[in-house]
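Architecture at a glance
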Amino acid sequence: MKACYCDSLKAYEKCCEPFLLGKKIPKSALELMRSRYSAYVLRKGQYLYDTCSTKLKNIDDIKSMNEQNINWLSLKVQSFKNNEVVFMAYYKEKNEILVLKEKSLFITEDKKIVYDSGEMLPAQIERNEICPCGSGKKYKKCCR
Ligand SMILES: [Zn+2]
Ligand SMILES: [Zn+2]
């Protein structure tokens, strides 16, 4: 079994894959947010395009999403209520591990939940946190 990218602890085939293949439609903002993270990991620009609101849709994004040079490491969902999800996403760029924290807002368009806007929040990797690289060591003793 392949664990899903989105931190759900479920198997990929039973989690985000059906969404990315268009076989199922996410029923909550949280499911959609998780599946969009998996789409970032897998460079599925078309899915990211399809799941954002009309005002955000930009056909040029598909290409740039597919060519992004970021190595996504992991996702941590911090809170979720109604149409709002706060998450941290860890990634590696060049040789540095970075984190971004975002409050995402979702709306319903044509009976489908879509991503509508995001607000960046300050975030940092704590010294005593388990390193996002997956080594199991503390961050301060690993990639810092
Ligand atoms: Zn998933
Ligand atoms: Zn590390």
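Residues numbered from 1 in each chain as written. Chains lettered and ligands numbered in written order. Predicted model: local features only at pLDDT ≥ 70, side-chain atom pairs only at ≥ 80, totals over all residues. Heavy atoms only, no water.

For the zinc ion (ligand 2), every protein donor is listed as C131 (SG), C133 (SG), C142 (SG) and C143 (SG), and the spread of their distances is 2.2 to 2.3 Å. One chain supplies every donor to the zinc ion (ligand 2), and in sequence these donors are spaced C-x1-C-x8-C-C. (Donors = N, O, S within 2.8 Å, 3.2 Å for Na, K, Ca; no water.)

Turning next to the side chain of R36. Relative to the helices and strands, R36 is located in helix α2 (residues 29-41). Of the buried charged residues, R36 lacks a salt bridge, with E102 as the closest side chain of opposite charge at 7.2 Å. Of the polar contacts made by the side chain of R36, one reaches the backbone oxygen of L48; its length is 2.9 Å. Contacts of R36, omitting those with residues within four sequence positions, involve Y47, L48, T51, C52 and Y115. (Helix = DSSP H or I, 4+ residues; strand = E, 2+ residues; numbered from the N terminus. Buried < 20%, exposed > 50% of the residue type's maximum accessible area, 1.4 Å probe, protein only. Lys, Arg positive; Asp, Glu negative; His and termini not counted. Salt bridge = Lys/Arg side-chain N within 4 Å of Asp/Glu carboxyl O. Polar contact = N/O pair within 3.5 Å; in protein donor to acceptor, adjacent residues only side chain to side chain. Contact = heavy atoms within 4.5 Å.)

With that out of the way, let us pick up the sheet that holds strand β2 (residues 84-93). On the basis of which strands lie adjacent, the open sheet formed by 4 strands has the order β1-β2-β3-β4 and antiparallel pairing. Both edges of this open sheet fall to β1 (71-81) and β4 (112-121), since each of them pairs with a single strand only. Averaged over all pairs of adjacent strands, the angle between their axes in this sheet comes to 30°, without regard to strand direction. Sitting on the sheet, α2 is in contact with β1, β2, β3 (96-109) and β4, with an inclination near 170° to β1. (Pairing = 2+ DSSP bridges. Axes fitted to C-alpha atoms, helices over the stretch in contact; angles between N-to-C directions.)

Our next topic: the coordination of the zinc ion (ligand 1). At 2.2 to 2.3 Å from the zinc ion (ligand 1) lie its protein donor atoms, namely C4 (SG), C6 (SG), C15 (SG) and C16 (SG). The sequence pattern describing where the donors of the zinc ion (ligand 1) fall on their chain is C-x1-C-x8-C-C. With C6 in the segment before α1 (17-20) and C16 in the segment before α1, the pair connects residues that are 10 residues apart, well separated along the chain. C16 shares its class with C6; the two are buried.

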